[in-house]
Amino acid sequence: MSETGAVMDVPVPPPTTIVIFGASGDLTQRKLIPALHTLDVEGRLPPKYAVIGVARSAFDDESFRAHLRAGVQEHARLIHPASDPRIESADAAWPRFASRLHYSRGDYDDPATYRSLARQMLELDEACETCGNHLFYLATPPQLYPVIVAQLGAARLNRQDPPATGQGFTRIIIEKPFGDDLPSARALNDQVHQVFDESQVYRIDHYLGKETVQNIMVFRFGNAIFEPLWNRNYVDHVQITVAESVGVEQRAGYYDAAGVLRDVFQNHLLQLLTLTAMEPPAAFNAKALRDEKVKVLQAIRPLRPDEAATQTARGQYRTYRDEPGVKPNSTTATYAAMRLNVDNWRWQGVPFYLRSGKLLSAKVTEIIVQFRAVPHQLFPQEGDQGPHANFLSFCIQPDEGMNLRFETKLPGAGMRTRSVEMGFHFGEEFGAAALPDAYERLLLDAMIGDASLFARADEIELSWQIIDPIQAAWDRGGEPIAGGWRAETAPPLEFYEKGAWGPPSADRLLAQSGRRWRLGCYRP
Ligand code: NDP
Ligand code: BG6
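Residues numbered from 1 in each chain as written. Chains lettered and ligands numbered in written order. Predicted model: local features only at pLDDT ≥ 70, side-chain atom pairs only at ≥ 80, totals over all residues. Heavy atoms only, no water.

Comments concerning the site of ligand 1
Right, so step 1: Taken together, 21 residues lie near ligand 1, and Ser24, Asp26, Arg30, Ser57 and Tyr108 sit nearest.
Right, so step 2: Here arginine 56 contributes a backbone N or O atom positioned 2.8 Å from an oxygen atom of ligand 1.
Right, so step 3: Isolated, ligand 1 exposes 870 Å² of accessible area, and the fraction of that covered by the protein chains is 75%.
Right, so step 4: Tallied by class, the residues present in the shell around ligand 1 amount to 10 nonpolar, 6 polar and 5 charged. (Near = heavy atom within 4 Å. Polar contact = N/O pair within 3.5 Å; in protein donor to acceptor, adjacent residues only side chain to side chain. Areas by Shrake-Rupley, 256 points an atom, 1.4 Å probe, with all protein chains shown as cover. Nonpolar A, V, L, I, M, F, W, Y, C, P; charged D, E, K, R; others polar.)

Here you go:
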């Protein structure tokens, strides 16, 4: 660690001007600025950098800074770093940090906004010596992405000068959702590529910025003992759970049109699947890593409409239709579960079960790698839940870590066994404040120019190719018909109660093959 607490093996990014579009919004106040603030307090940002917020709201620099300070106080990770005297206190850092923040008011489709922005960027480049390094961040609703990209191109703010020297770079971070199906994602990729080269584009999926998600790769490829087991010979199946205890909150307008498949399966869940299933990359760099992830996505067998009826489950929390902004007869799923198959040598015949929903019993994200049971049961086991097979759980959140479940002998006479756990928890090992927020990592990587933890154009399109047939089957079968649902394409949309783990059909999906959902880290 440096005197300011910065970890020395991570390069400090070059001086940069960060331009956030939609900077009056929730993401900027709750995530982006608190993340930059923490990076600043930790001494990870360059000595010269600037942030320009662009939006239509009536802020000036001072009121913008006051609005952002409230977000920092509520959400920044290192707001009270008194426990570490090497780290500057947030209050002491605020005047310096605030002086980096600027506001530029304008309409997103007005060329004058970009002329004025270009002038401001030039002034900051000169005054702040940011060497013409520019990072744009699209934090607006997605329908504005093409508008802003086109305007940036028209204003020639897309240029890199000179390219490939690492100085004078221009990059653009694009938030999710990236399209709402394959055609719209392709169209958006085309629009972006008319203005920016793919090497300039950073499509964010904040799950990839989570420390425990990156640790999946370290666990698999930094240890020799697990990889030999990581295949169809030893793994029975894999489960990935992204459970949320909150409902749609203030985002009903977006969510009712999107639903759970587009909101979290196309991105977060499929990203978790690729990291669990991929082959070891030849090196840890953006190309090698993303090439391997793409191979997994190519190997996932898209579900046929008849399979969508039997290999997926969908639900809606009972009070969803009462949420402000939700259509009274909405058939949008707030819960989904599915079985996917990865058709390659490593995973042939090993089902990957994915589930996610809102207003469930708890917020918990876990990956379970369920190993096969022993071929011949020598010892009697405690309980009556069938053969106890070993499993490994990656606890992505909230209690970040991992657990390995195995059998041990019950003390005393006889040879009865019981399942016990061996666990590792980041908090116990490294301290509660050690885990950075995902946006800290991702903003830093984009400034450094490391796209490893961002989605490439082909990853996005392949993910939609997996999700679209399911969504289409559900949409076709989504309207109630006499006697129920169009059972040939869609499972019934079942209501579930707040605090449940989803609808009963999700349990039946696994029960078909004698399996059940499990959580290895979550403790009620
Ligand atoms: P907001 O809805 O808060 O919108 C951001 C800003 O965009 C608003 O403050 C507003 O600024 C402008 N805006 C909103 N609606 C319109 C409109 N119809 N026309 C023109 N301008 C509009 O979004 P968030 O900050 O929550 O999210 C930004 C992006 O990040 C979205 O794409 C979202 O999906 C994504 N995202 C957000 C997450 C979060 O936690 N918030 C998590 C993951 C992704 P003004 O009126 O001042 O111009
Ligand atoms: C976002 C989804 O991408 O991820 C939200 O749009 C969801 O609906 C959120 O709540 C979950 O993220 P996290 O980090 O809280 O698990």
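Quick word on the site of ligand 2
Right, so step 1: Taken together, the neighbourhood of ligand 2 is formed by Lys176, His206, Tyr207, Lys210, Glu244, Arg251, Asp263, His268, Lys358, Lys363 and Gln397.
Right, so step 2: Between glutamate 244 and ligand 2, the recorded distance is 2.5 Å, taken from a side-chain N or O atom to an oxygen atom.
Right, so step 3: Contacts to ligand 2 include lysine 363, whose side-chain N or O atom sits 2.7 Å from an oxygen atom.
Right, so step 4: For ligand 2, the accessible surface in isolation is 400 Å², of which the surrounding protein chains cover 82%.

Things to note about the state of the cysteines
Two cysteines whose sulfur atoms are joined by a covalent bond form what is called a disulfide.
Right, so step 1: Per the counting criterion, the structure on display carries 1 disulfide.
Right, so step 2: Covalently, cysteine 395 is tied to cysteine 521 through a disulfide, its sulfur atoms 1.7 Å apart. Classification of the bridge connecting cysteine 395 and cysteine 521 rests on its S-S torsion, roughly -75°, and on that basis the disulfide is left-handed. With cysteine 395 in strand E12 (residues 391-397) and cysteine 521 in the segment after helix H14 (504-511), the pair connects residues that are 126 residues apart, well separated along the chain. Both residues of the pair, cysteine 395 and cysteine 521, belong to the buried class. (Disulfide = S-S within 2.5 Å. Helix = DSSP H or I, 4+ residues; strand = E, 2+ residues; numbered from the N terminus. Buried < 20%, exposed > 50% of the residue type's maximum accessible area, 1.4 Å probe, protein only.)

Some details on a nonpolar patch on the surface
Right, so step 1: On the surface, a cluster of nonpolar side chains totalling about 310 Å² of accessible area is made up of Leu378, Phe379 and Met415.
Right, so step 2: Take leucine 378: its relative accessible area is 61%, and that puts it in the exposed class. (Patch = residues over 30% accessible without salt bridge, like charges linked within 9 Å, V, L, I, M, F, W, Y side chains within 5 Å. Salt bridge = Lys/Arg side-chain N within 4 Å of Asp/Glu carboxyl O.)

A word on helix H9 (residues 286-299)
Right, so step 1: Spanning 14 residues, H9 covers 20 Å between terminal C-alpha atoms, matching the ideal 20 Å at 1.5 Å per step.
Right, so step 2: Counting buried residues in H9 gives 10 out of 14 residues, a clear majority hidden from the surface.
Right, so step 3: If you check which residues of H9 are buried, you get Ala286, Ala288, Leu289, Arg290, Glu292, Lys293, Val294, Val296, Leu297 and Ala299.
Right, so step 4: Summarising the contacts, the buried residues of H9 are in contact with helix H7 (211-221), helix H8 (252-277), strand E9 (335-341) and helix H13 (457-476).
Right, so step 5: The opening residue of H9 is asparagine 285, an N-cap whose side-chain oxygen sits 3.2 Å from the backbone nitrogen of lysine 287. (Expected span 1.5 Å × (residues − 1). Contact = heavy atoms within 4.5 Å.)

Here's the deal with the sheet that holds E9
Right, so step 1: A sheet is described by the order of its strands in space; here 9 strands give the open sequence E14-E13-E12-E11-E7-E10-E9-E8-E15, paired in mixed fashion. Looking along the sheet, the strands with just one partner apiece sit at the ends: strand E14 (417-425) and strand E15 (493-496). Strand-to-strand twist of the sheet, defined as the mean angle between neighbouring strand axes without regard to direction, takes the value 20°.
Right, so step 2: Here 4 bridges tie strand E8 (residues 312-317) to E15, and the two strands are oriented parallel to one another. Looking at E15, one finds that arginine 314 is bridged to leucine 493.
Right, so step 3: Relative to E12, H7 is tilted by about 145°, and along the sheet it contacts strand E11 (364-371), E12 and strand E13 (401-409). (Pairing = 2+ DSSP bridges. Axes fitted to C-alpha atoms, helices over the stretch in contact; angles between N-to-C directions.)

Overview of the pattern of salt bridges
Right, so step 1: Evaluation of the coordinates by the stated rule reveals 29 salt bridges.
Right, so step 2: The salt bridge involving arginine 304 is made with aspartate 306; its shortest N-O contact spans 3.1 Å.
Right, so step 3: Residue classification places aspartate 306 among the partly exposed residues on the basis of a relative accessible area of 39%.
Right, so step 4: Two residues, arginine 441 and aspartate 445, come together in a salt bridge whose shortest N-O distance is 3.0 Å. Placement of both arginine 441 and aspartate 445 in helix H12 (residues 438-448) is noted, with a separation of 4 residues, approximately one turn of the helix.

A look at the nonpolar core
Right, so step 1: Residues Phe21, Tyr137, Phe265, Leu273, Leu354 and Phe394 are the most contacted members of the largest nonpolar core, which totals 143 residues.
Right, so step 2: At 12 residues, H8 tops the list of elements feeding residues into this core.
Right, so step 3: Once you skip the residues sitting within four places of it in the chain, phenylalanine 21 turns out to touch Val54, Tyr108, Tyr114, Leu117, Phe136, Tyr137, Leu138, Ala139, Thr140, Ile148 and Leu152. (Core = buried A, V, L, I, M, F, W, Y, C linked by side-chain atoms within 4.5 Å.)

Comments concerning H13
Right, so step 1: Between its first and last C-alpha atoms H13 spans 28 Å; for 20 residues at 1.5 Å apiece the expected length is 28 Å, and the two agree.
Right, so step 2: Burial of H13 is extensive: 14 of the 20 residues sit out of reach of the surface.

Quick word on the sheet that holds strand E2 (residues 49-55)
Right, so step 1: Taken in spatial order, the 6 strands make up an open sheet running E3-E2-E1-E4-E5-E6, and their pairing is parallel. With one partner strand each, in any of the chains shown, strand E3 (101-105) and strand E6 (201-203) form the two edges of the open sheet. Averaged over all pairs of adjacent strands, the angle between their axes in this sheet comes to 20°, without regard to strand direction.
Right, so step 2: Two strands pair when backbone bridges link them, and strand E4 (residues 134-138) and strand E5 (residues 170-174) are joined in this way by 5 bridges, in the parallel orientation. Bridge pairing in E5 links leucine 135 to arginine 171.
Right, so step 3: Helix H1 (residues 26-41) contacts strand E1 (16-21), E2, E3 and E4 of the sheet and is inclined by roughly 165° relative to E1.
Right, so step 4: Of the strands in this sheet, E1, E2, E3 and E4 touch helix H4 (residues 111-128), which is tilted by about 170° from E2.

Remarks on the pairing of E4
Right, so step 1: Along E4, 5 of the 5 residues are buried, which leaves the element largely enclosed by surrounding structure.
Right, so step 2: Where burial is concerned, the two faces of E4 agree: the one with His134, Phe136 and Leu138 and the one with Leu135 and Tyr137 are both buried.
Right, so step 3: Two elements, E1 and E4, share 5 bridges in a ladder whose sense is parallel. If you follow threonine 17 over to E4, its bridge partner there is histidine 134.

What about the packing of H1 against H12?
Right, so step 1: Taken N-terminus to C-terminus, the directions of H1 and H12 make an angle of 70°; their axes are 8 Å apart at the nearest point. Judged by the inter-axis angle, H1 sits roughly perpendicular to H12. For the element pair H1 and H12, the recorded crossing hand is right-handed. When H1 is examined against H12, the residues Leu27, Lys31, Leu32, Ala35, Leu36, Thr38 and Leu39 are found in contact with a partner set consisting of Tyr439, Glu440, Leu443 and Leu444.
Right, so step 2: When grouped by side-chain class, the residues that make up the contact of H1 with H12 number 8 nonpolar, 1 polar and 2 charged. (Parallel < 35°, antiparallel > 145°, perpendicular 65-115°, else oblique. Left-handed = near helix turned anticlockwise from the far one by under 90°.)

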